[in-house]
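Analysis of the macromolecular model
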Amino acid sequence: SSAYLVSRMSPPVRLNNGWLVGCVIDNGVSSGGVSYSLLYVSRDNGKTWTYGAGRGWTTGSFSSLNSMVTNGKFVYLLFCRTTGPTIYLQKYDPETNAILETEMILDSDQTAINSVSIAITPDSTKLWWAASSKNSTYPNSFNIRKGEIPINADGTLGEPSAVKQATNLNVTTAHFYNPIVLMVNRNPLIIWEYSQSGAYGFGGQYYAGSSWKTINFTGYDYPGIYKTSFPQTNPSATVSVDGVIHLAWQGADGNDTVTQWIRYTRSADGGVSWLTTPKKLVKGQNAVITSDKNGKLFITYEDGGYIKRIESTDEFTTWSGPVIVEQGSKPASLYDPTFQTPFTVPPTIYQTSNAVRYYGILNQQPTVTLTTADGQVLTEGATLQVEGSTIDYDVDNNVLVKYRINSGPTRNLASGVSDGVTPLSFARVLTYRNKRIWDGAAEVVGADLAENTDHVLTVWADDDQGGKSPEVTRKFRVIHNRPPSISGANEDLGTIMVPPSKVYTVTEPEGNQFTVTEKIDGIVIRSFPGVAGQEETVTIPHDRWIRLDLDTPHTLTVEASDSNGLTSTRTYTFTRTETHIEFLLNFDNPDVVAHFTPDGMPKRVLLTLERYLPPGSSIESVKVCNNALDAEPTWEDATAAVTAGRGYLFTNQTKTAQDWRIDIWVVIAKGTATERVRLDGFGGAFD
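The following refers to the structure shown. This one's a predicted model, so the numbers in the text were calculated from it and none came from an experiment.

Focus on the sheet that holds strand 6 (residues 66-70)
- One open sheet accounts for four strands, arranged 6-7-8-9; its pairing is antiparallel. Since the sheet does not close on itself, it has two edges, and those belong to strand 6 and strand 9 (98-107), each with one partner. Geometrically, the sheet is characterised by an average inter-axis angle of 20° between neighbouring strands, direction not taken into account.
- By the bridge criterion, six bridges tie strand 8 (residues 86-93) to strand 9 in an arrangement that is antiparallel. Note on strand 9: the bridge partner recorded for K91 is L100.

Some points on the side chain of S418
- Along the polypeptide, S418 turns up in the loop between strand 33 (411-417) and strand 34 (424-433).
- For S418, a relative accessible area of 8% gives the class buried.
- One polar contact links the side chain of S418 to the main-chain carbonyl oxygen of D392, over a distance of 2.3 Å.
- Residues within four places of S418 in sequence aside, it is in contact with D392, D394, V395, D396, N397 and V399.

Here's the deal with the sheet that holds strand 16 (residues 199-207)
- Strands sit in the order 14-15-16-17 across an open sheet of four strands; the sheet is antiparallel. Each edge of the sheet is formed by a strand with only one pairing partner; in this case those strands are strand 14 (174-184) and strand 17 (212-214). Put simply, the sheet's adjacent strands are angled 25° from each other on average, direction ignored.

Describing the pattern of salt bridges
- Inspection of the entire model under this criterion finds 29 salt bridges.
- With its nearest N and O atoms 3.5 Å apart, the salt bridge here joins R436 to E443.
- On the accessibility criterion, R436 (26% relative accessible area) is partly exposed.
- Within this structure, D253, D256, R263 and K280 form a network of salt bridges that share partners.

What to know about the packing of aromatic side chains
- Applying the stated rule across the entire model yields 19 aromatic pairs.
- Between W128 and Y207 the ring centres are 5.2 Å apart and the planes differ by 45°, which places this aromatic pair in the tilted class. Remark: Y207 occurs in strand 16 and W128 occurs in strand 11 (residues 126-135); sequence separation between them is 79 residues. Residues W128 and Y207 agree in their burial class; the two are buried.
- Aromatic side chains Y648 and F650 sit 6.2 Å apart centroid to centroid with 85° between the ring planes, which places their arrangement in the edge-to-face category. No difference in accessibility class separates Y648 from F650, as the two residues are buried.
- Taken together, W128, Y207 and W212 form an aromatic cluster joined through their ring pairs.
- Residue placement shows K280 over the ring face of W261; its charged tip is 4.6 Å from the ring centre.
- Residue placement shows K623 over the ring face of W665; its charged tip is 5.1 Å from the ring centre.

What counts, and where the lines are drawn
- Residue positions are counted from 1 within each chain, in the order its sequence is given.
- Local features in this predicted model are restricted to residues of pLDDT 70 or higher, and side-chain atom pairs are both shown and tallied only at a pLDDT of 80 or more, whereas totals for entire chains, interfaces and linings draw on every residue.
- The side-chain values count all of the structure's non-hydrogen atoms but skip hydrogen atoms and water molecules.
- Strand pairing is defined by DSSP finding a minimum of two bridges between the two strands.
- The secondary structure listing takes helices from DSSP runs of H or I that are at least 4 residues long and strands from runs of E that are at least 2 residues long, numbered from the N terminus.
- Fitted lines through C-alpha atoms serve as axes, helices being fitted only where they are in contact, and the angles separating the N-to-C directions of these axes extend from 0 to 180 degrees.
- Each residue is assigned to one of three classes by its accessible area relative to the maximum for its type, calculated with a 1.4 Å probe on protein chains only: buried under 20%, partly exposed between the two thresholds, exposed over 50%.
- N or O atoms closer than or at 3.5 Å make up a polar contact, with two conditions inside protein: a donor-capable atom paired with an acceptor-capable one, and, for residues adjacent in sequence, both atoms drawn from side chains.
- Whether two residues are in contact is decided by their heavy atoms: any pair within 4.5 Å suffices.
- The salt bridge definition used is simple: a Lys or Arg side-chain nitrogen within 4 Å of an Asp or Glu carboxyl oxygen.
- Any pair of Phe, Tyr and Trp rings, taking the six-membered ring for Trp, is counted once the centres come within 6.5 Å. Such a pair is stacked with planes under 30 degrees apart, edge-to-face with planes over 60 apart, and tilted for the rest.
- Placement of a charge over a ring requires the Lys NZ or Arg CZ to be within 6 Å of the ring centre, with the centre-to-atom vector within 35 degrees of the ring normal.

Following this line, the structure appears as structure tokens:
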């Protein structure tokens, strides 16, 4: 019935679980003379409301003198009784519909009360309150009184502070009304309405960490930010996400001496300075101002019996509206000082002729489901599959899915327009290589990822109405790519006369494919796909060996390179030396076969050696045969003949093979020579 009223100082609040709590007043008309402050709860974004709890007395009334705030779980209600004026604080638990703790008396020595206001610190550790009241010390003027109440860690209320007098006028023509308590930069600020002998305006104080200071309203006489001879009443204030204080009220001026207009000013420096000229917006009264998490401002007001609303994104340099809600009066809109509540129309309660109603559009947050496994360990070349879906139950919202790793930059995963029903799927393959995570060709984090450390993938969704889903996280670790491991150790083989031969195995820590390459002095001997743990032998082929310089350091290497480009090397160093030069004819060469396979039995051979024999060296032996194709050729010593430069007459005249063939076997000894012995070639003839 019409006995139910809305307190404009008590807008709805939103809990951490999304429930809304509103306060209405039963002034006693419909309840046998008992006045109640009634709390209602909505668990479905304002669609339906159920009675939660209330307080009342058989004497006196609550009128519309209350204000409430929440820490996200509990609701703290500030209210007063007008008979034997007393200010109380009550704690309410919406989950259990229970009034918790006995109401706390904050101020009982008043003779009249005009209004009350309360605010909570961002960390929910303290309540600050203010009231407009008269008392025996200042019986003629309504003045501002204030105090604070600590909140314990469990949400219970601590011992309230002593009440302080913020103003102290005491004349029947001067009053301070309608205080508003706000939290600005973690400190309280109080703005109030004043009137004095036909002058009207606003004043205030802010808390500077240890003491209260008067707001210095630049350009105006204390105590007003807007001082005029026309009434200026019913202030409403909010703080936007950027810390700017916004104030709206109703007032007349010289051009409209009777008609009330909604007016606006702001302060960007904690209340120190304000607009030189307040803005005159639209006709109306009982304005309530609030802001969303993006800084957009909303003023809901009444005009001609209707609830209307205007909106602005540039501090009412321009605005849209007015939008007509319906017939009604005394709107009260939600103000969320933590800026967690996304809305496109501020949640508002208001009066109609026969009801208290709610109106608002709360943007529902998207939700994200992430199917990516938790606790993965990524090795070189491994992938991290970022997969899942998001759903936004608000139709036509633009949804953008985002992700980041650790504190790296935010990257987009997917986007789409919500139909309110169908989930939006997303899938992205991230690759781990070279100590970093890659999204295609783009590096995700901007830094190497440490081993033996949990790294965090965070995925969430934003919509275009300011809604953000809860963040979903997955932890993972990385193993830095390690090169293949080659058994053994680097080794100096010293001075050697025969080709070295070393056995080795290769293992790959990450199980990647790898290639083995063997080299002598940087020249590839062979290269082949490796098999982990399989024994291999590196040596130097004869034709490579005999071409190696003598008395010069050489390097034999085994390299193992994995598929990601990391390489390990095993190195063997040595110096090749020789005591003899020894050679026979190479019958694998067709030219040699052609020249040294005669038609008949060779009888005589002449051999000349193009040589340099330094002192200490000598021709150790020169042997020749004419039946080289036999299984056991007959070697004859021709050393003396060759040394003397004469031909040698074969003594052998038999063979077992089909053909005759000449071979030459030369051995030159280095002996004690300190210079190099050279055999540059040979010549001769046979018949």
